[in-house]
Every structure is written in C-alpha cells, then in structure tokens.
Amino acid sequence: MKDGIHPTYRDVVFADLQTGNKFITRSTLNSRETIEMDGKTYPLFKCDVTSESHPFYTGAQTRVVETGRVEKFRARFAFTGVGKKAAE
C-alpha cells in the first residue's frame, strides 16, 4: 500500500441518541467531538438510529406490519361478506 493516501483507522465511540447506548468500534471516521471512556479519549459519532433503537431489530416493525395486514384483510373481505348476506 502507498503511504500517506489512506485514512487513519482507529477506535471510535458511536453513541445512539435514542437509547443512550455507546459502543467502541474501529472506523476511519473523522469527528470534532471527543468522549472519554475507560480512561482514554476517543472521537465521538452521534447516531440517530442503531440496531438498539431501529424498529426492525427491536421487533416494533412486525407489530405495525401485522396490524396493517389485518386491516387490509378486513377491508378486502368486508365487501364480499356484505354481498353474500344481501343475496341470501
């Protein structure tokens, strides 16, 4: 690899703003903000959504999808049921 053309790969703290969860991982991210964790100073990146707060990973999305499916089913077959009762 050529020297001087690659970004610095280092430990960075990612903070979830919704849950307050913080975790350290390696990244090439540049940040002006820093945070001290475990006696060391790390660059800080604030995330709006992580796997701790995203509806897909927390299971909240499945409840919304299921509710939508039930409502679609009722709307679709509501007309079918009314037509059969009127015909009888």
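First things first, this report covers the structure right here in the doc. (Residues numbered from 1 in each chain as written. Predicted model: local features only at pLDDT ≥ 70, side-chain atom pairs only at ≥ 80, totals over all residues. Heavy atoms only, no water.)

1. Quick notes on the overall build of the chain
Piece 1. When you go through the chain residue by residue, the secondary structure sums to 2 helices and 4 strands.
Piece 2. Within the chain, the fraction of its 88 residues that count as buried is 15%.
Piece 3. Taking all contacts inside the chain whose residues are at least 6 apart in sequence as the whole, residues at least 24 apart take part in 36%.
Piece 4. Of the accessible surface of the chain, which amounts to about 7,500 Å², a share of 53% is contributed by carbon and sulfur atoms. (Helix = DSSP H or I, 4+ residues; strand = E, 2+ residues; numbered from the N terminus. Buried < 20%, exposed > 50% of the residue type's maximum accessible area, 1.4 Å probe, protein only. Contact = heavy atoms within 4.5 Å. Areas by Shrake-Rupley, 256 points an atom, 1.4 Å probe, with all protein chains shown as cover.)

2. Here we look at the nonpolar core
Piece 1. With 5 residues, the main nonpolar core is built from Val13, Ala15, Ile35, Tyr42 and Leu44.
Piece 2. Ignoring any residue separated from it by four or fewer positions in sequence, one finds isoleucine 35 in contact with Val13, Lys22, Lys40, Thr41, Tyr42 and Leu44. (Core = buried A, V, L, I, M, F, W, Y, C linked by side-chain atoms within 4.5 Å.)

3. Some thoughts on the packing of aromatic side chains
Piece 1. For the coordinates displayed, the defined rule picks out 3 aromatic pairs.
Piece 2. An angle of 65° between the planes, with centres 5.5 Å apart, marks the rings of phenylalanine 14 and phenylalanine 45 as edge-to-face. Placement of the pair is phenylalanine 14 in strand S1 (residues 10-16) and phenylalanine 45 in strand S4 (residues 40-47), with a sequence separation of 31 residues.
Piece 3. In this structure phenylalanine 45 comes out as partly exposed when scored by relative accessible area, which is 33%.
Piece 4. Pairing phenylalanine 73 with phenylalanine 77 gives two aromatic rings, centres 4.8 Å apart and planes at 50°, and the pair type is tilted. Here the residue phenylalanine 73 and the residue phenylalanine 77 both occupy positions in helix H2 (residues 60-87), the gap between them amounting to 4 residues, near one helical turn.
Piece 5. Given the relative accessible area of 52%, phenylalanine 73 is considered exposed.
Piece 6. Relative accessible area serves as the criterion here: at 41%, phenylalanine 77 is assigned to the partly exposed category.
Piece 7. Ring pairing ties together the aromatic residues Phe14, Phe23 and Phe45, which thus form one cluster. (Phe/Tyr/Trp six-rings, centres within 6.5 Å; stacked < 30°, edge-to-face > 60°.)

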